[in-house]
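Understanding the architecture of this molecule
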Amino acid sequence: MSIFVKKLVEKASLKKHPGFSDSLKPEDVNPHLAFHYGFPSGSMLLAYDTIQQILAISTRDGQIKLFGKDGLQTLLESSETVPSKFLLFIGNQGVLLNVNVNNHIEVWDLGRKCVSATHQFDKEIVSFAAMCNGAYLYVGDSAGDVSILRLHQDSCYIEEMKYRIPPSAAHGKINEVGSDISAKHILPQPTAEAKRVLIIYSDGVITLWGIWESKVIFTTSQSTYQEAKKVTAACWACSTGTKVAVGYSNGDIILWSVPSPSDSEQTASQITPICKLNLGYKADKIPIAKLKWAYADGKSSRLYVLGSSSDCNSTNLLQVVLLNEHTETRTIKLGLHPPESLLDLEITTSEQNKHRRDYLLLLGKSSHVYTCDDSLIERYLVQSLSKSSPSLPKEVKIKLPYGDSRITVTKFITSNPCYSEGDLNAVVKNSLPLFPFERSVKDGSNSNSNTSTSFSKAKNLFITGHSSGEINFWDASCPLLLPVASITQQSDTDSSLSGIPLTALHFSYNSHTLVSGDQNGTVRIYTFKSEMFSPQSTFMSSQGSSKKGSNHIIRRIKVVKVNGAVLSISTTENLKQIAVGSEQGYVMLIDPEGPNILYQTHIASEFSTGIISTHFETCSFHGFEKNVMIVTTKDSSVFALEKDTGNTLSSGVVHPNNPKRALFTHILDDATDMNKINADNSTPRQSFLLLCTEKSVYAFSLSHLVQGVKKVVYKKKFSSSCFWASTFGSPDIGLILLFTSGKIEIRSLPELSLVKESSIRALTFSTFRPFSVSDIIVSTSHDGELIIVNQDQELLFVSTLLHKEAYRFLGSVSQVFNKDLVNAQMLVSSPTVKEKKRGIFSSVIKDYKGTKSKNGIEVETEDSRLSIEELSTIFSIVNFPTDHIEIEEKNVSNDEDVELDIDDIEIEEPKEKPRGGYQIAGFNRHNITNKFQAIRGKLKNSKVKTDKVVVNEVPQDEKTGAVDQIKKKYGYASPGEAGAANMAKSKLSENLKKLQGISLKSTEMQDTARSFSSMAKEVLRFAENEKKGSPS
């Protein structure tokens, strides 16, 4: 019992140390992802806005990465960490639609970078499409139903419309148990999207649906889809919507002919097959995963075909086919061979020097993205027509633009003491773009070996060591890194790259020195010229490209060879001595002036001998002040060496009871005033060794450790695996811990109490993020800013302090949506035209000429724009009742359903015509006829409902009240109310007579228009004859 009490008293006395800061509070820290650069892990779907030129990539855990023009990027995170099913832009509207596997439809506002609306669909979504204007959405489900949703962007909600397309009407049969007639693809017809939509069912039935008519206009014949195969992909194969390409589960690809919007049911044939494309997928039993058609002028339109196979070695998984009038007789194709299986593809556009070029983007299963110049693909196919031998286009893997080789080690320095204010706009403008096809706009290369500027121009300096031996310096004042300088030299006489991966870096502003170590055990000490740290340095821009290698920035290089790959480098404060730890367990003390190795000591450890850290420290040893070196191995064993000789101070080794892989060590010094300590010997100096492993973190008493005694003052065990740790602050005020679960923790020092924790989704280790700890390279600054590199794919900028702004232009570089483009398109699409007053003849003649000059496609497009405005009325009416009982219940309980009150039918009386003749050009008889039929449809539906209520009526007292209410609602008389019913009937008859009158008047006006048109033709003919007969 006495020992237990003694430990409690000892722990209480050490709970607060006077020299350590206790000011770190939860409200002071906010660990979060400040910026994401590159391609996120777990990517699975692509989408592209051709007007805004925004590329979207969704991931398996609910993230969406956006890439805009000029290198702008941003990362969106959904509240649900689930994969996406569909990703769709509403063109140039700043709206991105995301449908996840839970059948939730998310509407992302790209201007505000947040979800503006969500909608829970109650069935399994298997297809998703939108009209060009984005007002209406089509949703196909697994039962074969097609529902209509209306997107209200201003009020931020999605409304489910009453109009629907059931399989019983569009397919021809009801979905039975065991059958699959899901609405697999929905394609609005391009030139008549407000009137017609193509529905392709999974069993192969293709239906062209008339929206206004609410019926099937055309369909495939029964004999064309008898073969046992399922539809897996489809897309339009022409701009007018008269050809559609369909891919099947057995590898078939068939082009189908679809009647044009101008074809009527009487004059056009059914949807019929044109030809079958034989590309080899059927022979290899490879299902078609995706089809994408690319329009091109002339005869070079192309169809991109992606096969679905787990075997990346399968031949021709990705092929491009030339589509023209010769497709039926001769197939011109190109097979591309990416190094891995693909998930998706997209065609993007890049503007270079006012020239637009298209590029094919390929998304691999590893989340890597590949690109290929689409113009080279087009050229290859066109040249193949003449049976020439063009060169094969080759895809390029998109990697981080920060060097030609992989990053292996990094160093991050913020708040540069030599920093001088500069033009930070140039940082954004001159940063290296991610996509290779954009680099020619700037420097045309991935390398920055000939680019050098002063270190003083970089507020934040990021140093990267590469697998080739190259060292690059980057200005990280903005997350779009700007090249500062590059080192490729290996010695004073050798300026070539070593080709050996770098493993350790140490940089000192004060001594203008960089120390590097590589995998072969070579330590290089670079001393920079003083001009590199001068605020007035401008000589680099003129000399950078003229001098060979790095001579223009390096004053001298010294090389030392050690045993084993270099794992750690540390220096004394005055840089008079350098300690190096190697993979083979050697600790070397180097004099950089020689350079000379002062001594070399081998550390024998039980499990792993690699030296992960060395620290210089002065502490009390048997009553005397002694300069020591604290050495830690990979297996968490800690040794104390005499700094001057390298001898161990004691035979005891300090290590945890259950040794795990060591991640980080640091000396925590008491910051109490030394004068106060010397004046009062009763207040000893307290110092600790902080040791962090994968499973725990410890604070050992340093004074006990140098004597070989293990005394754990503080300890914290982790609930999940930790893969990186570091302290921050000056003096040290906190500990940052990163976990494989994506969690990030901030803990106080030295007590290790939790201050705040959060989660970074992009750092979560999972099955779809198969990266290992060795793939992740993390560097931190003294003020808690982190830069995390994931292979050559992505960069994560993580901030921990709440009130510190480490980066400039964060808001600008993450704003991918350009509102000016929206305003510009609105001005182009709706110009204001001022016309002079004209008489009846001039009006008729001008309209006749204008209509004659237009082609059919333009007329259909204009009609579609007018029709979209009237879709609200059509989609608000129940065209196919879903369930009689459900409709009855809704009619009783919900007054907002379809109801018809005779008083609500307003018929406008014919207004007095203005003097000067009829305004025939603005008259639309079709609109009046449609409104008349819509009202008749309402009357018919309401009568059907009331009839059904009467038929199902049973003689029960509890149902009498409900039936009477329904009768009242639709104008039917209950006992004692026959008079009111007769009045309603009379008013209805009167309104119908008015509608019939309007229909007759519209017929008369149409006849008058024809007579005026004939008169105009006669006037024109007479004028032409008179002109010919007149003398010249």
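Our structure is the block above this text.
Procedures and definitions
Residues numbered from 1 in each chain as written. Predicted model: local features only at pLDDT ≥ 70, side-chain atom pairs only at ≥ 80, totals over all residues. Heavy atoms only, no water. Pairing = 2+ DSSP bridges. Helix = DSSP H or I, 4+ residues; strand = E, 2+ residues; numbered from the N terminus. Axes fitted to C-alpha atoms, helices over the stretch in contact; angles between N-to-C directions. Core = buried A, V, L, I, M, F, W, Y, C linked by side-chain atoms within 4.5 Å. Buried < 20%, exposed > 50% of the residue type's maximum accessible area, 1.4 Å probe, protein only. Contact = heavy atoms within 4.5 Å. Phe/Tyr/Trp six-rings, centres within 6.5 Å; stacked < 30°, edge-to-face > 60°. 1 Å grid on protein atoms, 1.4 Å probe; cavity = no way out; pocket = protein on both sides within 12 Å on 5 of 7 lines; lining within 4 Å. Points joined across faces, edges and corners; volume = space filled by probe spheres on them. Nonpolar A, V, L, I, M, F, W, Y, C, P; charged D, E, K, R; others polar. Salt bridge = Lys/Arg side-chain N within 4 Å of Asp/Glu carboxyl O. Polar contact = N/O pair within 3.5 Å; in protein donor to acceptor, adjacent residues only side chain to side chain. Expected span 1.5 Å × (residues − 1). Arc of directions from axis to C-beta.

So, on to the pairing of strand S27 (residues 355–364). Pairing between strand S26 (residues 342–352) and S27: ten bridges, direction antiparallel. Bridging from a neighbouring strand, Ser350 pairs with Arg357 of S27. Pairing of S27 with strand S28 (residues 369–373) involves five bridges; the strand directions are antiparallel. The partner of Leu361 across the bridge, within S28, is Thr371. Counting the residues that bridge the hairpin from S27 to S28 gives four residues, and of these Ser367 lies at a positive phi of roughly 75°.

Before going further, it helps to examine the sheet that holds strand S35 (residues 513–518). Overall, antiparallel pairing links the four strands, which are arranged S34-S35-S36-S37 in an open sheet. Each edge of the open sheet is held by one strand with a lone partner, namely strand S34 (502–508) and strand S37 (554–561). Across the sheet, the mean angle from the axis of one strand to that of its neighbour is 15°, orientation sign disregarded. Sheet analysis places strand S36 (residues 522–528) next to S37, joined by seven bridges and oriented antiparallel.

Put simply, Gly594 and Pro595 share a cis peptide bond, and its omega is -5°. By the secondary structure assignment, Pro595 is in the loop between strand S40 (586–591) and strand S41 (596–602). Note that the residue after Leu749, namely Pro750, is joined by a cis bond; omega there is 0°. Tracing the chain through its elements places Pro750 in the loop between strand S51 (743–748) and strand S52 (754–759). Its identity as a non-glycine residue notwithstanding, Lys285 has a phi of 55°, on the positive side. Looking at the element boundaries, Lys285 is found in the loop between strand S21 (272–276) and strand S22 (288–294).

With that settled, the discussion passes to the nonpolar core. Grouped together as the largest cluster of nonpolar side chains are 52 residues, with contacts concentrated most on Tyr37, Leu66, Leu96, Leu110, Phe435 and Leu795. No other element matches strand S2 (residues 43–49), which puts five residues into this core. The contact partners of Leu795, leaving out residues within four places of it in the chain, are Phe35, His36, Tyr37, Leu400, Tyr402, Leu481, Ile787, Ile788 and Val789.

Further remarks concern the pairing of strand S24 (residues 318–323). The buried count for S24 comes to six of six residues, which makes it a mostly enclosed element. By the alternation rule, side chains of S24 split into Leu318, Val320 and Leu322 and Gln319, Val321 and Leu323, which are all buried. Here strand S23 (residues 301–307) pairs with S24 via six bridges, running antiparallel. Looking across to S24, one finds that Val305 is bridged to Gln319. Looking at chain direction, S24 and strand S25 (residues 333–336) are connected through four bridges and run antiparallel.

Here the focus is the packing of aromatic side chains. Using the criterion set out here, one finds 21 aromatic pairs in the structure. Ring plane angle 50° and centroid distance 6.2 Å describe the contact between Trp209 and Phe880, whose orientation is recorded as tilted. Of this pair, Trp209 sits in strand S16 (residues 206–210) while Phe880 is found in the loop between helix H11 (856–875) and helix H12 (884–893), placing the two residues 671 residues apart along the sequence. The class of Trp209 is buried, set by a relative accessible area of 0%. For Phe880, a relative accessible area of 22% translates into the label partly exposed. Here the aromatic rings of Tyr402 and Trp474 are separated by 5.0 Å at their centres, their planes lie at 65°, and the arrangement is edge-to-face. Taken as a pair, Tyr402 in the loop between strand S29 (396–397) and strand S30 (407–413) and Trp474 in strand S32 (residues 471–475) lie far apart in primary sequence, 72 residues in all.

On to empty space enclosed by the protein, then. Where empty space is left can be seen by rolling a probe of water-molecule size over the atoms. Summed over the entire model, instances satisfying the criterion amount to three cavities of 30 Å³ or more. Surrounding the largest cavity, Lys399, Leu400, Tyr402, Gly403, Ser405, Arg406, Ile407, Gln791 and Asp792 form its lining. Residues of the lining of the largest cavity, tallied by class, amount to three nonpolar, three polar and three charged.

Take the sheet that holds S32 next. Spatially, the four strands line up as an open sheet ordered S30-S31-S32-S33, and their pairing is antiparallel. Strands with a single pairing partner mark the edges of an open sheet, and in this sheet they are S30 and strand S33 (482–487). Pairwise comparison of adjacent strand axes, ignoring direction, gives a mean angle of 20° for this sheet. Strand direction decides the pairing type here: S32 and S33, joined by five bridges, are antiparallel. By the bridge assignment for S33, Asp475 is matched with Leu482.

Inspection of every chain in the model, using the stated rule, returns 22 salt bridges. Between Glu346 and Lys292 there is a salt bridge, and its shortest N-O distance comes to 3.1 Å. Linking Glu346 in strand S26 with Lys292 in strand S22, this pair joins segments that are 54 residues apart in sequence. A residue is classified by how much of its surface remains accessible, and Lys292, at 21% relative accessible area, is partly exposed. Taking the shortest distance from any N to any O, the salt bridge between Lys394 and Glu395 comes out at 3.7 Å. When salt bridges that share partners are traced, they join Lys123, Asp141, Asp145 and Arg164 into one network.

Inspection of the secondary structure puts Ile776 in strand S53 (residues 776–780). For Ile776, a relative accessible area of 11% corresponds to the buried category. Expressed as a C-alpha distance, the spacing of Ile776 and Thr408, which sit 368 residues apart in the sequence, is 9.3 Å.

What follows deals with the environment of Asn658. Positionally, Asn658 belongs in the loop between strand S44 (638–642) and strand S45 (662–669). Take Asn658: its relative accessible area is 60%, and that puts it in the exposed class. Separated by 22 residues in the primary sequence, Asn658 and Ser636 have C-alpha atoms spaced 9.4 Å apart.

In this section: the side chain of Thr513. With respect to the helices, strands and loops of the structure, Thr513 is situated in strand S35. Polar contacts involving the side chain of Thr513 include one to the main-chain carbonyl oxygen of Ser511, which spans 2.9 Å. If we ignore the near neighbours within four places in the chain, the residues touching Thr513 are His506, Phe507, Ser508, Ile525, Tyr526, Thr527, Phe528 and Leu575.

Quick look at helix H3 (residues 374–385) now. Between its terminal C-alpha atoms H3 stretches 17 Å, which fits the 16 Å expected from twelve residues at 1.5 Å a residue. The complete set of buried residues in H3 reads Asp374, Ile377, Tyr380, Leu381 and Ser384. Down the axis of H3, the buried set is contained in an arc of 120°. They therefore lie on one face. Along its buried surface, H3 packs onto S23, S24, S25, S27 and S28. Lys387 lies just past H3 and shows a positive phi near 60°.

Summarising the element assignment, Leu110 is placed in the loop between strand S8 (104–109) and strand S9 (114–120). What makes Leu110 buried here is its relative accessible area of 2%. The spatial distance from the C-alpha of Leu110 to the C-alpha of Gly94 is 5.0 Å, given a sequence separation of 16 residues. Discounting chain neighbours no more than four positions away, the residues touching Leu110 are Ile54, Leu66, Leu76, Phe89, Gly94, Val95, Leu96, Gln815 and Phe817.

Taken by themselves, the reported measurements are silent on function.
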